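Coordinate inspection notes
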Amino acid sequence: MTDKTLIELTGQQTQLIVELGEYAEILHWGQKVSGDLNGFRMALHRPVPYGRLDSDVSMTLHPELGRGVFSSPGVEGHRDGQDWAPVFVISHIEQQQDSIVIESEDAIAGLRLQTELKLDSNDVVKTRHTLTNKKAGVYHVNRLANTLPLPARANELMTYYGRWVHEFQTVRQPLLQGGYQQENRRGRTSHEHYPALVAGTTHFDEMNGDVWGFHFAWSGNHRLRVDVKADGRRYMQAEVIYLPGEVALKEGESITTPWLYASHSNCGLNGMSHHFHSHVRETILPSDFTDKPRPIHLNTWEGIYFDHDPEYIMSMATQSAEMGVERFIIDDGWFKGRNGDKAGLGDWFLCEAKYPNGLHPIVEHVNKLGMEFGLWFEPEMINKDSELFRTHPDWLLAVNGYDQPTGRNQYVINLQNDEAFNFLFERLDHFLSTYNIAYIKWDMNREVVQPAHLGQAAAHNQTQRYYQLVDKVREKHPKVEIESCAAGGGRIDFEVLKRTHRFWASDNNDALERQTIQRGMSYFFPPEVMGSHIGASHCHSTRRRHSIEFRGLTALFGHMGIELDPVKEEQAEKEGFERYIKLHKMLRPLLHSGRTWRIPTDDKAHQIHAVVSNDQSEAVVMIAQLAMPTNSLSGHLRVPGLDPQATYRVTVLDKPSNYDDIVNYQPPWTESGCELSGAWCEEVGLTMPILDAESAMLVKFERIH
Ligand code: DGJ
């Protein structure tokens, strides 16, 4: 025991105590507690029971069979069948204020492992490994996983599932022997397997319980595991799924895992989200744009789809500017051969039949109206019905000889082919250099099947090459903002966000569906990176109809936009768009910098979402009525996060147009406002109003003294 040292990393609320000897083990990861580290060590060392190995077995940061850790190993690989059970011994440690870098070696297997562990001031831990082959001969890496321990009281999980137009759905389940595993083999972050989960103490909720949240920052195949060992200890593990033979390290070569981000809070899910949101704002998002207010979008997609007429598009732009839109975006349909979703992808040349005078007149028109101009691309994709495919059939990401299924009638381009990579860069560069483009929407509308380069599996490298292509574009055009979209929310993760500015959360603009999708996304992402549009009253993806008030308030709590044809809209609708655009502009500084609170409700038919300013001087709360109220009265609205000592003026900023007609009498505070202390608002609250299903209301809290 004495030849081991203890290292402590601390955040604002979190403490990580790591014991370092031959290997590293996290002894405590949770709430910060002061005291003598040696006392902690005495308190935390385990007994050794009969009936198993004769010495204590540690849960290291990379479980090793050779140390008797029977959990899923951190490293799996071999050198022609040899060197398959490495045991790493620490050779060097570098400690800084907030991080440790641990170098470990296995001289027999000829491998070096570097483990980085960092805890920042927002209480977010990040960790990754780098494995290097130090010996002659190729080392085939089957698995390289990041592992973090969980305490035995982590009994429950919140995990994600979903699909196209139904992203970020959450589900609760007990964490039992046998554990939980999620595998994503779709070649992009995916709608189905968002790479995050939360473990916590029994019945953890938005406000209560210890929770440990995890986000694996990778836009390709992955495996997440939370396991309960036979002795009751538990751990979380995240890794890239390497396809057979995909990672073969020659002597001197290395492979690095993506970062696994994690955060503990003893104040439930809201506390965890506060850590991740601050971390995203300060560390993940590209730093060059963080101060710029996010412009309100008008995206043409659901307005005109592939039907592009420059004169008409200019009239859409004129109407958009009149409503207060700040960025006008031409979506899919502007390039050669693109009259539907069966052809054209790859031919990134302006369609001269649709745009005989070029794009300049439109861009200039948009700019003259005071708006930025944006354009849609889907660089990684190709239709067989395209000039590009006819010229370069060998550019497909595929295993030769097989006929892989199409997705949205298209295939993927092999970005590992330098010629293809350079062609795509040249095309993007051409448009960004020729026109005054402030933003591009970077789409990816299909999953990846049999990804191969020169016959060998190449999913991992395809994802790396995608990052490199975006990086190269950003390097040449650092002022251009990029939205990550993959048929809606198929590529949303922290690694993409390091090089993009916003996500298209879902192709579903139905406000009711969006309430759930946006809530799921809010656990790990702050509102300003979530693209959220007001769609047409008759929703294209669900055929439901919603009032402008419900659509407007739902879109308000993200990076707002409009997605329809303003020319065809009726006056009343247009006035509605104008109203919510104004409201968003007024509230944008608060919404895009404050703390998000998902507020518990007394009735499941409600969803309440709030943002409180960091100085607690103001807050805005949306009460969304998702379904018919369960009872005739719905309890109270209680708002956390305000200053308990301060007095707030409470006013209703927006309500359904039929608000006064649906009951005899609504709560008086909703009519004339009232003044209350922050403590009252949190502890006792205000009587809930009565709302129709699928409607919403917006309430403002302003500190008056
Ligand atoms: C899928 C995106 O999610 C939509 O918003 C739109 O850009 C279409 N692709 C265009 O093909």
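If you're wondering where the values come from, they're calculated on a predicted model, not measured in any experiment.

A look at the overall build of the protein
The helix and strand tally for the protein stands at 14 helices and 39 strands. Computed over the C-alpha atoms, the radius of gyration of the protein is 27 Å, within 12% of the 27 Å expected from 2.2 N^0.38 for a compact globule of 705 residues. Referenced to the eigenvectors of the C-alpha coordinate spread, the extents of the protein come out at roughly 80 × 70 × 40 Å. Partitioning the contacts of the protein with sequence separation of at least 6, the portion at a separation of at least 24 is 70%. Total accessible area on the protein is roughly 26,900 Å²; 50% of this is exposed by carbon and sulfur atoms.

Focus on a nonpolar patch on the surface
Together, Leu53, Leu65, Phe70 and Trp84 line one region of the surface with nonpolar side chains, adding up to about 470 Å² of accessible area. According to the relative accessible area criterion, Leu53 is partly exposed, its value standing at 35%.

Considerations on the UniProt feature "domain: Glycosyl hydrolase family 36 C-terminal" (unreviewed entry) in the protein
With numbering aligned to this structure, UniProt lists the feature "domain: Glycosyl hydrolase family 36 C-terminal" (unreviewed entry) at residues 610-689. Across residues 610-689, the secondary structure splits into 12% helix and 34% strand, with the terminal C-alpha atoms separated by 17 Å.

Digging into the site of the ligand
Taken together, the neighbourhood of the ligand is formed by 13 residues, with Asp331, Asp332, Arg408, Asp443 and Asp507 sitting nearest. A distance of 2.7 Å separates a nitrogen atom of the ligand from a polar atom in the side chain of Asp443. Taking Trp504, its side chain carries an N or O atom lying 3.4 Å from an oxygen atom of the ligand. Its free accessible area being 300 Å², the ligand has 98% of it covered by the protein chains.

Brief notes about the sheet that holds strand S1 (residues 5-10)
The strand order across the open sheet built from three strands is S1-S2-S3, with neighbouring strands paired in antiparallel fashion. Two strands in the sheet have a free side with no partner beyond their single neighbour: S1 and strand S3 (24-31). Looking at each pair of strands side by side, their axes are set apart by 20° on average, direction ignored. As paired elements, strand S2 (residues 14-20) and S3 share seven bridges and run antiparallel to each other.

A closer look at the nonpolar core
The biggest cluster of nonpolar side chains holds 166 residues, and the ones touching the most others in it are Leu131, Phe214, Ile330, Trp334, Phe524 and Phe525. For this core, the element with the most residues is helix H7 (residues 418-434), which contributes eight residues.

Topic: the side chain of Ser695
Topologically, Ser695 is positioned in strand S39 (residues 695-703). Looking at Ser695, its side chain comes within polar contact range of the main-chain oxygen of Asp692, at 2.6 Å. What Ser695 contacts, discounting residues up to four positions off in sequence, is Phe550, Ile623, Ala624, Gln625 and Pro656.

Topic: empty space enclosed by the protein
Counting across every chain of the model gives five cavities of 30 Å³ or more. Gln518, Ser522, Met530, Phe557 and His609 are the residues nearest the centre of the largest cavity, which is lined by 16 residues in total. Counting residues per element, the lining of the largest cavity draws most heavily on helix H10 (residues 511-522), at five residues. Tallied by class, residues from the lining of the largest cavity come to seven nonpolar, eight polar and one charged. The computed volume of the second largest cavity comes to approximately 60 Å³. Here the element with the most residues in the lining of the second largest cavity is helix H8 (residues 459-476); it accounts for three residues. Residue composition of the lining of the second largest cavity, grouped by class: four nonpolar, four polar and two charged.

Thoughts on the packing of aromatic side chains
For the structure shown, the criterion picks out 28 aromatic pairs. Aromatic pair Tyr160 and Phe168: ring centres 6.1 Å apart, planes at 85°, arrangement edge-to-face. Its relative accessible area of 3% is what places Tyr160 among the buried residues. Phe168 gets classed as buried once you look at its relative accessible area, which sits at 3%.

A few points about unusual backbone geometry
A positive phi angle is found at Asn409, which is not glycine, with a value near 65°. The exposure class of Asn409 is partly exposed, given its relative accessible area of 30%.

With respect to the pairing of strand S8 (residues 124-133)
Most of S8 is tucked away: nine of the 10 residues are buried. Pairing analysis gives nine bridges linking strand S7 (residues 111-119) to S8, with the strands arranged antiparallel. Bridge pairing in S8 places Arg112 opposite Thr132. Taking the residues that link successive antiparallel strands as the turn, the S7-S8 hairpin has four residues, and the phi of Asp123 there is positive, at about 70°. Bridging between S8 and strand S19 (residues 260-265) involves four bridges; their strand directions are antiparallel. Paired with Lys126 across the strands is Tyr261, a residue of S19.

Thresholds applied
- Numbers given to residues run from 1 along each chain, matching the order in which its sequence is written.
- Only residues with pLDDT of at least 70 get local features here, since the model is predicted, and only at 80 or more are side-chain atom pairs given and counted; chain-wide, interface and lining totals rely on the full set of residues.
- The basis for the side-chain values is all heavy atoms of the structure; hydrogens and waters are excluded.
- Secondary structure elements follow DSSP: runs of H or I no shorter than four residues count as helices, runs of E no shorter than two count as strands, and numbering proceeds from the N terminus.
- Here the globule rule is a power law, 2.2 Å times the number of residues to the power 0.38, and the radius of gyration is based on C-alpha atoms.
- Only heavy atoms matter for contacts: two residues are in contact if any of them lie within 4.5 Å across the pair.
- What sets the accessible areas is the Shrake-Rupley method with a 1.4 Å probe; for residues, cover comes only from the shown protein chains.
- Only residues whose relative accessible area exceeds 30% and that form no salt bridge are eligible for patches; like-charged ones are grouped when within 9 Å, while nonpolar side chains (Val, Leu, Ile, Met, Phe, Trp, Tyr) are grouped when within 5 Å.
- For salt bridges, the criterion is a side-chain nitrogen of Lys or Arg within 4 Å of an Asp or Glu carboxyl oxygen.
- We call a residue buried when its accessible area falls under 20% of the maximum for its residue type, exposed when it is over 50%, and partly exposed in between, using a 1.4 Å probe and counting protein chains only.
- UniProt positions are given in the numbering used here, feature names are shortened, and annotations may be inferred rather than shown by experiment.
- The criterion for a residue being near a molecule or strand is simple. One of its heavy atoms has to lie within 4 Å of it.
- As used in this structure description, the phrase polar contact means that two N or O atoms lie within 3.5 Å; if the pair is within protein, one of them must be able to donate a hydrogen and the other to accept it, and residues adjacent in sequence are counted only when both atoms belong to side chains.
- The rule for pairing is simple: two strands pair if DSSP sees at least two bridges between them.
- Geometry is summarised by axes, namely lines fitted to C-alpha atoms with helices restricted to the contacting stretch, and by angles between N-to-C directions that run from 0 to 180 degrees.
- Among buried residues, the Ala, Val, Leu, Ile, Met, Phe, Trp, Tyr and Cys ones that are joined through side-chain atoms within 4.5 Å form a nonpolar core.
- Each cavity reported here is a set of points on a 1 Å grid over the protein atoms alone in which a 1.4 Å probe fits but cannot get out, each pocket an open set with protein on both sides within 12 Å along at least five of seven lines, and each lining residue one with an atom within 4 Å of a point.
- Grid points are joined across faces, edges and corners, and a volume is the space filled by probe spheres set on the points.
- Just so you know the grouping, Ala, Val, Leu, Ile, Met, Phe, Trp, Tyr, Cys and Pro go in nonpolar, Asp, Glu, Lys and Arg go in charged, and all remaining residues, Gly too, go in polar.
- Here a Phe, Tyr or Trp ring, Trp counted by its six-membered ring, pairs with any other such ring whose centre lies within 6.5 Å, and the pair is stacked when the planes are under 30 degrees apart, edge-to-face when over 60, and tilted otherwise.

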